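Understanding the architecture of this molecule
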Amino acid sequence: MAEFTLFTHPMSRGQIARWALHEARADYEAVLVDWTDRPPALAAANPMGKVPTLIHHTPGGDRVVAETAAICAYLAAVRPASDLAPHEDELADYLRWMFFAAGPVEQAIVAGAMGWEVASGREGMVGFGSLDRVLTTLEGLLASRDWVCGSRFTMADVYVGSQVDWGLNFGSIPPRPAFTAYAQRLQARPAYQAAKAIDNALIEKART
Ligand SMILES: N[C@@H](CCC(=O)N[C@@H](CS)C(=O)NCC(=O)O)C(=O)O
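Residues numbered from 1 in each chain as written. Predicted model: local features only at pLDDT ≥ 70, side-chain atom pairs only at ≥ 80, totals over all residues. Heavy atoms only, no water.

So, the overall build of the protein
- Helices and strands together make up the secondary structure of the protein, namely eight helices and four strands.
- Its helices and strands taken in sequence order, the protein reads β-α-β-α-β-β-α-α-α-α-α-α from the N to the C terminus.
- The globule rule puts the C-alpha radius of gyration for 208 residues at 17 Å, and the 17 Å found for the protein is close to it.
- Each of the three principal axes of the protein carries a C-alpha extent, and together these read 50 × 40 × 35 Å.
- Of all 208 residues assigned to the protein, the portion counted as buried reaches 47%.
- Counting only contacts in the protein whose residues sit at least 6 apart along the sequence, the fraction spanning at least 24 positions is 66%.
- Of the roughly 10600 Å² that the protein leaves accessible, carbon and sulfur atoms contribute 56%.
- If the 18 positive side-chain charges of the protein are averaged to one point and the 23 negative ones to another, these points end up 2 Å apart. (Helix = DSSP H or I, 4+ residues; strand = E, 2+ residues; numbered from the N terminus. Rg over C-alpha atoms; globule rule 2.2 N^0.38 Å. Buried < 20%, exposed > 50% of the residue type's maximum accessible area, 1.4 Å probe, protein only. Contact = heavy atoms within 4.5 Å. Areas by Shrake-Rupley, 256 points an atom, 1.4 Å probe, with all protein chains shown as cover. Lys, Arg positive; Asp, Glu negative; His and termini not counted. Charge placed at Lys NZ, Arg CZ, Asp CG, Glu CD.)

So, the environment of asparagine 46
- By secondary structure assignment, the location of asparagine 46 is in the loop between helix H2 (40-45) and strand E3 (53-58).
- Look at asparagine 46 and you get buried, because its relative accessible area is 9%.
- A C-alpha to C-alpha distance of 31 Å links asparagine 46 and glutamate 117, two positions 71 residues apart in sequence.
- Polar contacts involving the side chain of asparagine 46 include one to the side chain of threonine 53, which spans 3.0 Å. (Polar contact = N/O pair within 3.5 Å; in protein donor to acceptor, adjacent residues only side chain to side chain.)

Some details on the packing of helix H1 (residues 14-23) against helix H6 (residues 155-170)
- For the pair H1 and H6, the least separation of the axes is 10 Å and the interaxial angle reads 145 degrees. Along this stretch, H1 crosses H6, giving a crossing that reads as right-handed. Contacts from Gln15, Ile16, Trp19, Ala20 and Glu23 in H1 reach Met155, Asp157, Val158, Tyr159, Ser162 and Trp166 in H6.
- Across the contact of H1 with H6, the residue classes tally to seven nonpolar, two polar and two charged. (Axes fitted to C-alpha atoms, helices over the stretch in contact; angles between N-to-C directions. Left-handed = near helix turned anticlockwise from the far one by under 90°. Nonpolar A, V, L, I, M, F, W, Y, C, P; charged D, E, K, R; others polar.)

A few points about the pattern of salt bridges
- Scanning all chains against the criterion turns up 11 salt bridges.
- With its nearest N and O atoms 3.0 Å apart, the salt bridge here joins arginine 145 to aspartate 93. Of the two residues, arginine 145 is situated in the loop between helix H5 (131-144) and H6 and aspartate 93 in helix H4 (residues 91-114); the sequence distance between them amounts to 52 residues.
- For arginine 145, a relative accessible area of 25% corresponds to the partly exposed category.
- The structure contains a network of salt bridges with shared partners spanning Asp83, Glu90 and Arg152. (Salt bridge = Lys/Arg side-chain N within 4 Å of Asp/Glu carboxyl O.)

Below, the structure written as structure tokens:
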């Protein structure tokens, strides 16, 4: 049995978890979820029934990790040899921007895609404030450095980078130079290419 089981769907946030597994050089088995017939093991592991959901099979028993950002951070933590977890001087940036991407960035993009308007004068109550504020903040970060934590790629780049990469692909993030240059750096990574090749092949197969 592989050390990890990943419940995923090729056209989902599961792509991020697969990329994280490849960056961590982890031994995993992917279970492809059919939305109309979800495996009972997925419901048992994660009552949300969502993907990605990761099971880590350890000698002490199975551990379930859900929430894509948590899966990324977990894999970096349990694979210290991959050097994807933050060094102490990187921890503040690592946590800050991972949480920023999982909260405000994700909410702002989803709100934009759904056409949800924040009532005038109520931005202060909304965690993301506005899509423009979120994007300008993210742009400022990525214009000032190559990677989330500075000069070195960490697992934060898998998660933050996926928000940028997906956003550019789907048109929910504008192609500002700091975003497109960052996406190019991410796309050059062998683990990104290996993981995407698998999901893209599965997407293609489902079309034919
Ligand atoms: N907050 C979760 C969201 C996961 C999520 O919404 N996954 C979608 C696919 S991208 C899903 O499983 N949708 C099927 C459903 O909700 O039934 C995360 O970041 O992992």
